[in-house]
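# Secondary and tertiary structure notes
Listed below, chain by chain, are the residues.
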Amino acid sequence: MKTVWVLGDQLNRRIGALAEAAPSTHRVLFVESRAKLASKAWHIQRAHFVITSMRRFADELRAEGFDVDYRFADSLADGHRQHVDEYAPTEVDATEPLSWAGRALMHRLGCSMVRSNQFLCHYDDFAAWMKTRKSFKMEDFYRWQRQRLGYLMDGDDPVGGQWNYDADNREPPPKDGSSPWPAPLLDELDDLDREVIADISAHCHGEAPAGVWATSRTAALRRLDHFVNDVLPMFGPHEDAMTTRSWHLAHSLLSPYLNIGLLLPGEVCDAVQRAFDAGRVPVASAEGFIRQVIGWREYVWGLYWAWMPEYAGVNELDASEPLPPVFTGRADTKMNCLAHALGDVNARAYAHHIQRLMVIGNLSLIAGIDPRALTDWMWANFVDGAEWVMVPNVMGMSQFADGGRMATKPYASGGAYIDRMSDYCKGCAYDRTKRVGDDACPFTTLYWDFMARHETRFGRNPRVAQQVRAAFKLKDLDEVRERAAEVKVMLREGRL
Ligand code: FAD
Ligand code: SF4
């Protein structure tokens, strides 16, 4: 009998090796690794989400008739060895893992690898696409995907005549104080949830699971239906907005399921296409969402494989400040925007894209936080974290640690941007218009310091040179630099 080894981010009957398996020919192996649990300071909702989903999926395969060996072991390699010793399978099949280290391990252990179908563009196809061009812009990749996959196409042209409706999707939160976005679905916790929580609590931090994140395919499919029917028509306009009134706005909250296989990208996009065809969703919303999934998501996946393993260690801006204690819950902050973003992470192991990029990421960038430490922290604290998605998004897009291979400009901003796109600044102890003084907004101070500090790198970058010049025109630049040094110390000491 053969074995199919299923990893914790491959939890779907239709994925790779498992799609080809049957109870009469294959036993299924899962390894729950103690080393993995001990490897990071995990947010409990992140660890609970993955482990419960694994155990539930194992039960579903048992119910289908599979003999499942669900093994608790010190490491993945140990679990594999114990399984082979006990069952002597004729072969251990595995779907290509989603991480560089996972793939190397599978090769080392002699597993037979089945091509992964968890993404719509395999990394070999992405590499071939890269070979055909000099620059690798996301927008070009996205259009190539649209044409190839046929989403929102009218023959060779995009439906509605436009490839991209992004310009319509930059509204701040509604000024009337409303919060029109439907509440996310919740599930009651069951005995399995409670068993997992009891098993992992001692290793984890953060607020306990409360049913926000589904841990089965059936419940994930309910989340997809809810998103497409009730939320998608509102997706888009407030994609870049942040508000104290809602932690989710019209974001889909589907990334965790896509990232561990409970949902597949093709079925998610098919559901969106159907809703669009039925006239239930405006083109800008459908296009905005499809772009995220077949564009951004698959683009960072392809870049990860194209640029690893060096990519995981890049630090072109020589950023070396330690991770601030406010990130790890060892300090509070008076910065309203940061308090909200980190409060959301603590409450649900989730912050939406703009909080990740323009609050947590932006602050880390302009304060010069070590990008690898930030990546590791996010990886452990976000329910949808994984190396393949974190390295390009955090090291590349948000921290510019790759020197601009992924993003052509650094995502740095002062308090003015955050004020424009959120309602955070009104209730804040700091003044977003000030760059010096005790109540100066730390974003504003650090932003100008960042531009001046990186003059050599950005002075000739056409997308940022103007800001660099503006920094040197500030009459109080010396004071700004002094205040920035103070702010960094306060951040390091948890006093900001
Ligand atoms: P929506 O706003 O509803 O977007 C729809 C879907 O598009 C998401 O579910 C996701 O699958 C996909 N998507 C959109 N943008 C990206 C992107 N840049 N990269 C990959 N997928 C994308 N995404 C993760 O899945 N895991 C992470 O650990 C992660 N870390 C991030 C860290 C930083 C600093 C930044 C800037 C972005 C990160 N992202 C990550 C991308 C993006 O922020 C999340 O995918 C998104 O916020 C998830 O919430 P959602 O499902 O509600 O997204
Ligand atoms: Fe954030 Fe500055 Fe606005 Fe306060 S004033 S919420 S620190 S951007």
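Sequence order as written defines residue numbering, which begins from 1 separately in each chain. Each chain gets a letter, beginning with A, and each ligand a number, beginning with 1, in the order they are written. For this predicted model, a pLDDT threshold of at least 70 governs which residues receive local features, and a threshold of 80 or more governs which side-chain atom pairs are given and counted, while totals over whole chains, interfaces and linings are taken from all residues. Based on all heavy atoms of the structure, the side-chain values leave hydrogens and waters out of the count.

### Concerning the overall build of the protein
The criterion, for reference: What counts as a helix is a DSSP run of H or I of at least four residues, what counts as a strand is a run of E of at least two, and both are numbered from the N terminus. Whether a residue is buried, partly exposed or exposed follows from its accessible area with a 1.4 Å probe, protein chains only, as a fraction of its type maximum: under 20%, in between, or over 50%, in that order. Residues are treated as being in contact if the distance between any of their heavy atoms lies within 4.5 Å. Lys and Arg are tallied as positive, Asp and Glu as negative. Neither His nor the chain termini are counted. Charged groups are reduced to one reference atom each: NZ for lysine, CZ for arginine, CG for aspartic acid, CD for glutamic acid.
The number of helices and strands found in the protein is 21 helices and seven strands. Here the C-alpha coordinates of the protein stretch approximately 75 × 55 × 45 Å along the principal axes. For the protein, buried positions account for 58% of its 496 residues. Contacts in the protein between residues at least 24 apart in sequence constitute 73% of all its contacts with a sequence separation of at least 6. Taking the average location of the 58 positive side-chain charges in the protein and that of its 67 negative ones, the two points are 4 Å from each other.

### Structural notes on the domain arrangement of the protein
This is how the line gets drawn: Boundaries of every domain are those given by an automatic assignment or by a domain database. Buried area counts how much accessible surface, traced with a 1.4 Å probe, disappears from two parts once they are put together, with both parts' losses summed. Only one rule defines a salt bridge in this text: a Lys or Arg side-chain nitrogen within 4 Å of an Asp or Glu carboxyl oxygen. Pairing of N or O atoms within 3.5 Å defines a polar contact, subject to two protein rules: one partner must be a possible hydrogen donor and the other a possible acceptor, and residues neighboring in sequence count only if both atoms are side-chain atoms. Any residue that is not Ala, Val, Leu, Ile, Met, Phe, Trp, Tyr, Cys, Pro, Asp, Glu, Lys or Arg is counted as polar, Gly included; the first ten are nonpolar and the last four charged.
Annotation of the protein at the domain level lists domain 1 (2-114), domain 2 (123-307) and domain 3 (319-493). Placing a centre on the C-alpha atoms of domain 1 and another on those of domain 3 gives a separation of 38 Å. Contacts between domain 1 and domain 3 engage eleven residues on the former and 15 residues on the latter. Roughly 960 Å² is buried in total at the junction of domain 1 and domain 3, and carbon and sulfur atoms are behind 51% of that figure. If you sort the residues of domain 1 by the area they bury against domain 3, K40, H43 and R46 come out on top, with a joint share of 53%. Put simply, domain 1 and domain 3 have zero salt bridges between them. Between the two partners, domain 1 and domain 3, sit six residue pairs in polar contact (both at pLDDT 80 or more). Ranked by residues supplied to the side of domain 1 that touches domain 3, first place goes to helix 3 (residues 44-63) with three residues. In terms of residue class, the side of domain 1 that touches domain 3 is made up of five nonpolar, three polar and three charged.

### A short note on the sheet that holds strand 2 (residues 26-33)
As a reminder of what qualifies: Paired strands, as defined in this entry, are two strands with at least two bridges between them according to DSSP. Only the stretch in contact is used when fitting a helix axis, every axis being a line fitted to C-alpha atoms; angles between N-to-C directions are given from 0 to 180 degrees.
Strands sit in the order 3-2-1-4-5 across an open sheet of five strands; the sheet is parallel. If you trace the sheet from one side to the other, it starts and ends with strand 3 (67-73) and strand 5 (112-114), each paired once. Going from strand to strand, the sheet's axes swing by 30 degrees on average, the running direction of each strand aside. Across three bridges, strand 1 (residues 2-5) lies against strand 4 (residues 92-95) in parallel orientation.

### Notes on the pairing of strand 3
Counting buried positions along strand 3 gives five out of seven residues, so the element sits mostly inside the fold. When strand 2 meets strand 3, the two strands line up parallel, connected through seven bridges. Paired with V31 across the two strands is R71, which belongs to strand 3.

### Description of the pattern of salt bridges
By the definition in use, this model includes 40 salt bridges. Among the salt bridges present, the one from R356 reaches D384, with a minimum N-O distance of 3.0 Å. Of this pair, R356 sits in helix 14 (residues 353-367) while D384 sits in the loop between helix 15 (371-381) and helix 16 (387-398), and the two are 28 residues apart along the sequence. Summarising the burial analysis for this pair, R356 and D384 share the class buried. Of the charged contacts in the structure, one is a salt bridge between D476 and R435, with a shortest N-O distance of 3.1 Å. Remark: R435 occurs in the loop between helix 17 (415-421) and helix 18 (442-453) and D476 occurs in the loop between helix 20 (465-473) and helix 21 (477-493); sequence separation between them is 41 residues.

### Section: the site of ligand 1
Which entries qualify depends on this criterion: Near residues are defined by distance, with any heavy atom within 4 Å of the molecule or strand qualifying the residue. Residue-level accessible areas treat just the shown protein chains as cover; the underlying method is Shrake-Rupley with a 1.4 Å probe.
The environment of ligand 1 is formed by 26 residues, the closest being S252, L253, N259, H353 and M390. A distance of 2.8 Å is found between an oxygen atom of ligand 1 and a side-chain nitrogen or oxygen belonging to N259. Separating a nitrogen atom of ligand 1 from a side-chain N or O atom of N393 is a distance of 2.9 Å. Across the complex, the protein chains shield 99% of the 820 Å² of accessible surface that ligand 1 would expose by itself. Elements with a minimum of two residues in the shell around ligand 1: helix 10 (255-260), helix 12 (283-307), helix 14 and helix 16. Per element, the largest residue contribution to the shell around ligand 1 is six residues, and it comes from helix 12. Here the residues of the shell around ligand 1 sort into 14 nonpolar, nine polar and three charged.

### Structural notes on the environment of T218
Note that T218 resides in helix 9 (residues 217-231). Among the residues examined, T218 registers a relative accessible area of 53% and is labelled exposed. C-alpha of T218 to C-alpha of T333: the two residues are 115 residues apart in sequence and 40 Å apart in space.

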